[in-house]
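Here's the letter readout for the chains.
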Amino acid sequence: MATEQERIIELRKELHQHNYNYYVLNAPQIDDFTFDALLHELQSLENAHPEMYDANSPTQRVGSDLQESFEQVAHVYPMLSLSNTYNKQEVADFYNTVSKLLNGEEFEICCELKYDGLSISLRYEDGKLVRAVTRGDGTRGDDVTANVKTIKTIPLVLQGNDYPVVFEMRGEVLMPWKVFDKLNEERRQQEEPLFANPRNAASGTLKSLNPALVAKRSLDAYLYYLLGEDINIDGHFERLEAAKRWGFKIGEGMRKVSSLEDIYAFIDYWDVERKNLPVATDGIVLKVNSLKQQQSMGFTAKNPRWAIAYKFKAERELTKLESVSYQVGRTGTVTPVANMEPVLLAGTVVKRATLNNEDFIKSFDLHIGDYVYVEKGGEIIPKIVGVELSKRTAGMQPIEFIKTCPECGTQLVRYEGQAAYYCPNDMGCPPQIKGKIEHFIARKAMNIDSLGPETIDSYYNKGLIKDVADLYCLTIDDINEGGAHQKSAKKVIDAIEKSKQVPFDRVLFALGIRFVGETSARLLARKFNDINSLRNATAAQLLEVEGVGDIIAASVVSFFADEKNIALIERLESYGLQMAMPVIEEGPKGNVLEGKTIVISGVFTHHSRDEYKAMIEQLGGKNTGSISAKTSFVLAGDNMGPSKLQKAESLGVKILSEDEFLEMIK
Ligand code: IVH
């Protein structure tokens, strides 16, 4: 019978292998359910054996607590960039220069795809990932290890036994198109600013201070450069093949060639085929294969002389701008949209492109009737990138941004420092009213799933609802179409009734305060507990909440300054919606923790960190931030920080799991 400690080691090994099979090889050998069950078993055993902590355990991939900031670290080898070429002649020039620098010696070129993400440097020691650093300024970057550990294609522990003791692996962190599309769709629905392309989305994600959020975003990574002393393989291609055996995901299609023609063929092939890849690429990279030859060629101040990038041309077409329409969103933002003569671009017919805002229109001095260049580069939504002025004729009119709302006629406003115009008639402008109700009933908000946009539209048009509170006044008779739809009407009313139990944080999100997304709503609800405290909070108090910046704080303050919003909230409250976080069940009373000093660390399942803090105080204990000899015990959730763990162990401070703690206070 294996001991629990042995089982932990066995499970870690198995799970690393399954992870590799699934994410790197795309060839899972067990189903998701079994994987989750094994991971769960490991997590429970690790909770019971904090002494077996391993920073590289498969359980570390879920991401832990919020970090305060990233540590800046110096790169052991600077992270250089490549010089770019844009046509085959420049590629030929590179090829000839290489030949000259090598005095006519034979050489091979390794051709690779150029991945369009952000570069990362991974340091491995004794087969374990010890540090992941962003490029930064090339000399120093941010230590993003905790975030990188959540990327499933990056091995935490290597396979085989012939890897170097210490080395660095460099590559690109990417957000796959599918993840990017889904993320932007969610942001569009919440009227949060969209990411322009997967690179920005990956970068924003990797630099997030919340590793648990990074874990949810499913980033990917392709590795393309092995660096280190004492690696006895001369070919770059062969080094990457070795790295593949150690568990790294190496870019697709890597090829070794020895003629310019083969390089051109590689370029032509991938210029088309890259569109079928799951991630964005923006060119190809050519590297002299032999490291000995690379060394003899050396570097300029910024780039290696032995490699270049060839950038693909973004596909671009010229078409006529026929008119501009304006869309009004749920929060009143007015977005101008270009209607163009349909044109075929990168395989799809394009007839609309966003014009973003007034400044964008002015920057191109756009006129109706202009011929504009549209491009699909790293972006999925086509963009206007220029105007063909030679095609402009006399009498064409510059675009004047509308002054009044196209939907309700209200005078538009543009707030200082913001690019967008808004329609301020938030309670009377149809798309805003309907948009707000649609947002309110969404799954992540009030989850009234028997209603959808069409039903909202029809109720609104019939005058049954003018705001979200009206939903709670609907009766079966109002919506059963004279008795014809009794059953579905009852379902709707039941779902509305049930939504009264939705917790306060989601109600807050459902209210649709501009810029307050799901996460900030949760953080605000936890911090302020109820709607009145939140209403009375000053901007400075709001800014104390993690993840709340100036824009959100200002938006919350202005939302609560509006009497119409207060009246709406009061109505919702009177219908029985949750306007406060639940009080912890009568509060555990007594003084079981009298005189105890307790440190909280990690991520919890049953209650939030703030709730645990409140419990400790209610029971007479004291919660402190750092472990010392005076600490009575540490209340540890998942992924307790390694330095805290070490400190607790060295001082002999007891560690209690969440369950043990709850048992203790009953
Ligand atoms: S090699 C010293 N290979 O492109 C050479 N870079 O400006 C190190 N990139 O910063 C880079 N795909 O972020 C290399 N297959 C590839 C690449 C690649 C993407 C990125 C990398 C680098 C930039 C070049």
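Calculation rules
- Residues numbered from 1 in each chain as written.
- Predicted model: local features only at pLDDT ≥ 70, side-chain atom pairs only at ≥ 80, totals over all residues.
- Heavy atoms only, no water.
- Pairing = 2+ DSSP bridges.
- Helix = DSSP H or I, 4+ residues; strand = E, 2+ residues; numbered from the N terminus.
- Axes fitted to C-alpha atoms, helices over the stretch in contact; angles between N-to-C directions.
- Contact = heavy atoms within 4.5 Å.
- Near = heavy atom within 4 Å.
- Polar contact = N/O pair within 3.5 Å; in protein donor to acceptor, adjacent residues only side chain to side chain.
- Areas by Shrake-Rupley, 256 points an atom, 1.4 Å probe, with all protein chains shown as cover.
- Core = buried A, V, L, I, M, F, W, Y, C linked by side-chain atoms within 4.5 Å.
- Buried < 20%, exposed > 50% of the residue type's maximum accessible area, 1.4 Å probe, protein only.
- Salt bridge = Lys/Arg side-chain N within 4 Å of Asp/Glu carboxyl O.
- UniProt positions renumbered as here; feature names shortened; annotations may be inferred.
- Parallel < 35°, antiparallel > 145°, perpendicular 65-115°, else oblique.
- Left-handed = near helix turned anticlockwise from the far one by under 90°.
- Nonpolar A, V, L, I, M, F, W, Y, C, P; charged D, E, K, R; others polar.
- Expected span 1.5 Å × (residues − 1).
- Arc of directions from axis to C-beta.

Caption draft 1: Region of interest: the sheet that holds strand β4 (residues 118–125). The strand order across the open sheet built from four strands is β5-β4-β7-β8, with neighbouring strands paired in antiparallel fashion. Every other strand in the sheet has two partners, leaving β5 (128–134) and β8 (220–227) as the edge strands with one partner each. The sheet shows a mean angle of 30° between the axes of neighbouring strands, taken without regard to direction. Taken together, the six bridges between β4 and β5 define a ladder with antiparallel strand orientation. Residue tyrosine 124 lies in a different strand from β5, and its bridge partner there is leucine 129. Here helix α6 (residues 198–206) sits on the sheet in contact with β4, β5 and β7 (166–174), set at roughly 45° to β4.

Caption draft 2: Here's a closer look at the site of the ligand. Neighbouring the ligand are the residues Ser81, Leu82, Glu112, Leu113, Lys114, Tyr115, Ser119, Glu172, Tyr224, Val285, Lys287 and Pro304. The contact in question runs from an oxygen atom of the ligand to an N or O atom on the side chain of lysine 114, over 3.4 Å. Contacts to the ligand include tyrosine 115, whose backbone N or O atom sits 3.0 Å from a nitrogen atom. When isolated, the ligand has an accessible area of 530 Å², and the protein chains bury 91% of it. Elements supplying a minimum of two residues to the shell around the ligand: β3 (109–115) and β10 (281–288).

Caption draft 3: Quick look at the side chain of threonine 597. Within the element layout of this structure, threonine 597 appears in strand β18 (residues 597–601). With residues near it in sequence (within four places) discarded, threonine 597 still touches Lys622, Thr624, Lys630, Thr631, Ser632 and Phe633.

Caption draft 4: The nonpolar core, seen in detail. Membership of the largest hydrophobic core comes to 54 residues, with the highest contact counts inside it found for Phe440, Leu471, Leu508, Leu524 and Leu572. Leave out the neighbours within four places in its chain, and leucine 471 touches Ile437, Phe440, Ile441, Ile448, Leu451, Ile465 and Ile496. Within the second largest apolar cluster, 38 residues are counted, among which are Leu118, Ala132, Val144 and Ala201.

Caption draft 5: Summary view of the environment of glutamate 229. Within the element layout of this structure, glutamate 229 appears in the loop between β8 and α8 (236–245). Placed 386 residues apart in sequence, glutamate 229 and methionine 615 show a C-alpha to C-alpha distance of 53 Å. Within the structure, the side chain of glutamate 229 is placed 2.8 Å from the side chain of tyrosine 77, a separation counted as a polar contact.

Caption draft 6: Examining the pattern of salt bridges more closely. According to the stated counting rule, one finds 39 salt bridges in the structure shown. A salt bridge links glutamate 315 to lysine 275, with the shortest nitrogen-to-oxygen separation between them at 2.8 Å. On the criterion of sequence distance, the pair formed by glutamate 315 in strand β12 (residues 315–328) and lysine 275 in the loop between α9 (260–273) and β10 is long-range, its members being 40 residues apart. With relative accessibility at 28%, the residue glutamate 315 sits in the partly exposed group. Overall, the relative accessible area of 47% leaves lysine 275 in the partly exposed class. We note a salt bridge from glutamate 544 to lysine 527, for which the minimum N-O separation is 3.7 Å. Here the residue glutamate 544 occupies a position in the loop between α19 (539–543) and α20 (550–561), and lysine 527 occupies one in helix α17 (residues 518–528), the gap between them amounting to 17 residues. Overall, glutamate 544 belongs to the exposed group, its relative accessible area being 56%. One network of salt bridges, with partners in common, ties together Arg12, Glu46, Asp54 and Lys128.

Caption draft 7: A look at the UniProt feature "active site" (unreviewed entry) in the protein. With numbering matched to this structure, UniProt assigns "active site" (unreviewed entry) to Lys114. Within the secondary structure, lysine 114 is located in strand β3. Residue lysine 114 is classed as buried on the basis of its relative accessible area of 18%. Those residues in contact with lysine 114, other than ones at most four positions away along the chain, are Thr281, Asp282, Gly283, Ile284, Val285, Ala309 and Lys311.

Caption draft 8: Expanded view of the packing of helix α22 (residues 609–618) against helix α24 (residues 658–665). Two elements in contact, α22 and α24, have axes whose closest approach is 12 Å; the angle formed by their N-to-C orientations is 30°. By the criterion of interaxial angle, the relationship of α22 to α24 is roughly parallel. Like other packed secondary-structure pairs, α22 and α24 cross with a definite hand, here left-handed. Here Tyr612, Met615 and Ile616 of α22 come into contact with α24, specifically with Glu658, Phe661, Leu662 and Ile665. When its residues are assigned to classes, the contact of α22 with α24 shows six nonpolar, no polar and one charged.

Caption draft 9: Layout of the sheet that holds strand β11 (residues 307–311). Strand order in the open sheet made by the five strands is β2-β11-β10-β3-β9, with mixed pairing throughout. Every other strand in the sheet has two partners, leaving β2 (83–85) and β9 (255–257) as the edge strands with one partner each. On average, adjacent strands in this sheet sit at an angle of 35° to one another, irrespective of strand direction. Strands in contact with helix α3 (residues 88–101) are β2, β3, β10 and β11; relative to β11, the strand with the most contacts, it is inclined by about 170°. Lying over the sheet, α9 contacts β3, β9, β10 and β11, oriented at roughly 20° with respect to β3.

Caption draft 10: Spatial organisation of unusual backbone geometry. The phi angle at asparagine 356 is positive, at roughly 60°, despite the residue not being glycine. With respect to the helices and strands, the residue asparagine 356 is situated in the loop between β14 (348–354) and α11 (358–363). The backbone phi angle of aspartate 365 is positive, close to 50°, even though this residue is not glycine.

Caption draft 11: View of helix α21 (residues 563–574). Between its first and last C-alpha, α21 extends 16 Å over 12 residues, near the 16 Å set by a 1.5 Å rise per residue. Every buried residue of α21 is accounted for by Asn565, Ile566, Leu568, Ile569 and Leu572. For α21, the arc enclosing every buried residue in end-on projection is 160°, short of the 170-degree limit, so these residues lie on one face. In α21, the exposed positions angled more than 90 degrees off the buried face are occupied by Glu563 and Ser574. N-cap assignment for α21: the residue whose side-chain oxygen lies 2.9 Å from the backbone N of lysine 564 is aspartate 562.

Caption draft 12: Focus on the UniProt feature "binding site: Zn(2+)" (unreviewed entry) in the protein. As recorded in UniProt, the feature "binding site: Zn(2+)" (unreviewed entry) lies at Cys405, Cys408, Cys423 and Cys429. With the annotated positions falling across 25 residues, the maximum pairwise C-alpha distance of 8.6 Å places them together in a single cluster. You can see cysteine 405 is positioned in the loop between β16 (383–387) and β17 (421–422). Discounting residues that sit within four places of it in the chain, cysteine 405 has contacts with Val328, Thr410, Leu412, Cys423 and Cys429. Tracing the backbone shows cysteine 429 in the loop between β17 and α12 (430–441). Classification of cysteine 429 as buried rests on a relative accessible area of 0%. If sequence neighbours within four positions are ignored, cysteine 429 has contacts with Val328, Cys405, Glu407, Cys408 and Cys423.

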